[in-house]
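Fold and contact review
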Amino acid sequence: MSDQVAFIVYLPAKPERFAEMKERLLDVVHQMSAEPDFVNTWVHQLQDDPNTLVLYETWTCSKDDFITRHLSKPYRQAYELLLPQLLVSERRIEFLDVIKSYPVRRGG
């Protein structure tokens, strides 16, 4: 079992609030990237639904630790309160167990 947790987050923004959603999200990601448990995050936009942002995150902590410690950080509080106004439907988080990673291309 890995000492990391990874997850995918789906953020389906209201079309008229997409720019604000993206700006606020990127601010939170920038701040969380300084956390000691932070490994990496990729922010994506769905091709088939351009109002949905998708994150892939990896942290060196457990799922429960991430939920209890990181989701309640002060820099996230205003963002978390605003999410219901920015999203067309609820945020979805899919937690993953890390099996193996290839962070760079293998030499051949």
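Residues numbered from 1 in each chain as written. Predicted model: local features only at pLDDT ≥ 70, side-chain atom pairs only at ≥ 80, totals over all residues. Heavy atoms only, no water.

The next point concerns the confidence of the model for the protein chain. For the protein chain, per-residue confidence averages 94 on the pLDDT scale, and residues scoring 70 or more make up 98% of the total. Here helix α2 (residues 63-70) stands out as the least confident element of the protein chain, with mean pLDDT 93; helix α1 (residues 18-32) is the most confident, with 98. (pLDDT = per-residue confidence, 0-100. Helix = DSSP H or I, 4+ residues; strand = E, 2+ residues; numbered from the N terminus.)

On to the layout of surface pockets. What the largest pocket holds in volume is close to 240 Å³. Lining the largest pocket are 14 residues, and of these Asn40, Tyr56, Thr58, Ser101 and Tyr102 sit closest to its centre. Every element with two or more residues in the lining of the largest pocket is listed here: β2 (38-45) and β3 (52-59). Counting residues per element, the lining of the largest pocket draws most heavily on β2, at three residues. Of the residues in the lining of the largest pocket, the class split is eight nonpolar, four polar and two charged. (1 Å grid on protein atoms, 1.4 Å probe; cavity = no way out; pocket = protein on both sides within 12 Å on 5 of 7 lines; lining within 4 Å. Points joined across faces, edges and corners; volume = space filled by probe spheres on them. Nonpolar A, V, L, I, M, F, W, Y, C, P; charged D, E, K, R; others polar.)

This paragraph deals with the environment of His70. Inspection of the secondary structure assignment puts His70 in helix α2. Expressed as a C-alpha distance, the spacing of His70 and Phe38, which sit 32 residues apart in the sequence, is 10.0 Å. Beyond its immediate stretch of four places on either side in the chain, His70 contacts Glu35, Asp37, Trp59, Cys61, Asp65 and Arg76. Within polar-contact distance, the side chain of His70 engages the side chain of Asp37 at 3.0 Å. (Contact = heavy atoms within 4.5 Å. Polar contact = N/O pair within 3.5 Å; in protein donor to acceptor, adjacent residues only side chain to side chain.)

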